[in-house]
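# Remarks on the overall topology
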Amino acid sequence: MAGEKDDIIISVRGLKNSFGEQVVHEDLDLDVRRGEIIGVVGGSGTGKSVLMRSIIGLQPPDEGEVTVFGESALGQDETQAIEMRKRWGVLFQGGALFSTLTVAENVQVPLREFYPDLDLALIDEIASYKIVMSGLDASAGPKFPAELSGGMKKRAGLARALALDPDLLFLDEPTAGLDPIGAAAFDALTQSLQKTLGLTVFLITHDLDTLYAICDRVAVLADKKVIAVGTIDELLATDHPWIQEYFNGPRGRAAVASTEKQG
Ligand SMILES: Nc1ncnc2c1ncn2[C@@H]1O[C@H](COP(=O)(O)OP(=O)(O)OP(=O)(O)O)[C@@H](O)[C@H]1O
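Residues numbered from 1 in each chain as written. Predicted model: local features only at pLDDT ≥ 70, side-chain atom pairs only at ≥ 80, totals over all residues.

The protein is annotated in an unreviewed UniProt entry as ABC transporter ATP-binding protein of Stakelama marina.

Printed below as a string of structure tokens:
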């Protein structure tokens, strides 16, 4: 695509977001590189989800520039916005499945929305394929979200996010609420999909195990901006108190120990 730089898929510059008096982001910059899994961390309420929503056009910022695939993601006309949206998939916090639709119908939603002329049998086939690709049994297709476990809901949400064969995947706290085994399985699935499909993954998480296990780099949100971005080793070399507390606290050390045990 015109203007697409080789290695930067998302570029955010000087982002400002506020709600009334509350300023959530101020002068926030971030680059996401092609093919990486970037973990986005920060205390509760630091604006991780708002950042994701700004990038995908659901939260128009007060100020700043957001470029995705080398094109400005702000102020696009409808056709440009649709073309850009076709290239990413989003797993919202909690899965955000439509409760009155089956799993298969949920996965079909983006296909029907963006490709209304597609043959129904083909839509059905693509949805079944994405369901299995997301680690669900094909028999999950006719089930309703209320009939699924938490882990299955996340996988169904992932299947929907993958419906359009995206280049870029946004995952908002995909392992929240999963037991450690389920969370590790989801991490492994994310990594395997990223490698197989060549995805770039923007992954918001509180899960230290996820950061250690699959993230190439980690961006830390604090003080209304991205205060540091790099590998965990690079972050540990900084002396920001939140970063030290987060990675070197008891949970951080446990995550290192568990990675070393597996590795
Ligand atoms: N639509 C909105 N209207 C008003 N305030 C909002 C809105 N969306 C988010 N906020 C506020 O913006 C701040 C950042 O919210 P956000 O959901 O991005 O945090 P987060 O870092 O993802 O938190 P968590 O880790 O708890 O999910 C919060 O104080 C939140 O209350």
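### Points about the nonpolar core
Soluble, globular proteins show a tendency: their nonpolar side chains are buried together. Grouped together as the largest cluster of nonpolar side chains are 65 residues, with contacts concentrated most on Val 40, Phe 202 and Leu 203. Leave out the neighbours within four places in its chain, and Phe 202 touches Ile 10, Val 32, Ile 38, Val 40, Met 52 and Phe 170. (Core = buried A, V, L, I, M, F, W, Y, C linked by C-beta atoms within 7 Å. Buried ≥ 20, exposed ≤ 12 C-beta atoms within 10 Å, placed from the backbone. Contact = placed C-beta atoms within 7 Å.)

### Topic: the sheet that holds strand E4 (residues 63-68)
Across the sheet, 4 strands lie side by side as E2-E1-E4-E5; this open sheet has antiparallel pairing. Taken across any chain shown, the strands that pair with only one partner, and hence form the sheet edges, are strand E2 (22-33) and strand E5 (71-72). Both strand E1 (residues 8-19) and E2 contribute to a ladder of 8 bridges, which runs antiparallel. Looking across to E2, one finds that Ile 10 is bridged to Val 32. Strands E1, E2 and E4 of the sheet are contacted by helix H1 (residues 48-55), whose axis makes an angle of about 120° with E1. (Pairing = 2+ DSSP bridges. Helix = DSSP H or I, 4+ residues; strand = E, 2+ residues; numbered from the N terminus. Axes fitted to C-alpha atoms, helices over the stretch in contact; angles between N-to-C directions.)

### Brief notes about the site of the ligand
Taken together, Phe 19, Val 24, Gly 42, Ser 44, Gly 45, Thr 46, Gly 47, Lys 48, Ser 49 and Val 50 make up the full set of residues near the ligand. Top contributing element to the shell around the ligand by residue count: H1, with 3 residues. Considered class by class, the residues forming the shell around the ligand number 3 nonpolar, 6 polar and 1 charged. (Near = placed C-beta within 6 Å. Nonpolar A, V, L, I, M, F, W, Y, C, P; charged D, E, K, R; others polar.)

### Side note on the pairing of strand E3 (residues 37-42)
Within a regular strand, side chains alternate between the sheet's two faces. The buried fraction of E3 amounts to 6 of the 6 residues, a majority that puts the element mostly inside the structure. The alternating pattern of E3 places Ile 37, Gly 39 and Val 41 on one face and Ile 38, Val 40 and Gly 42 on the opposite face, and all of these are buried. The pairing of E3 with strand E8 (residues 200-204) spans 4 bridges and is parallel. Its bridge partner being in E8, Val 40 is matched across the sheet by Ile 204. Bridge count for E3 against strand E9 (residues 217-222) is 5 bridges, and the pairing is parallel.

### Observations concerning the environment of Leu 168
Following the sequence through the fold, Leu 168 ends up in strand E7 (residues 168-172). Separated by 21 residues in sequence, Leu 168 and Glu 147 have C-alpha atoms that sit 29 Å apart. Leaving out residues up to four positions away in the same chain, Leu 168 has contacts with Ile 9, Arg 87, Trp 88, Leu 199 and Thr 200.

### Quick look at helix H4 (residues 120-133)
Taking 1.5 Å of rise per residue, 14 residues should cover 20 Å, and H4 covers 20 Å from first to last C-alpha, within 8% of that figure. Among all positions in H4, only Ala 127, Lys 130 and Ile 131 are buried. Viewed end-on, H4 has its buried residues packed into an arc of 105°, placing them on one side of the element. Exposed positions of H4 whose direction lies more than 90 degrees from the buried face are Ala 121, Leu 122 and Glu 125. In the core, the buried residues of H4 are packed alongside helix H3 (103-114) and helix H5 (150-161). A positive phi of about 85° marks Gly 135, the residue just after H4. (Expected span 1.5 Å × (residues − 1). Arc of directions from axis to C-beta.)

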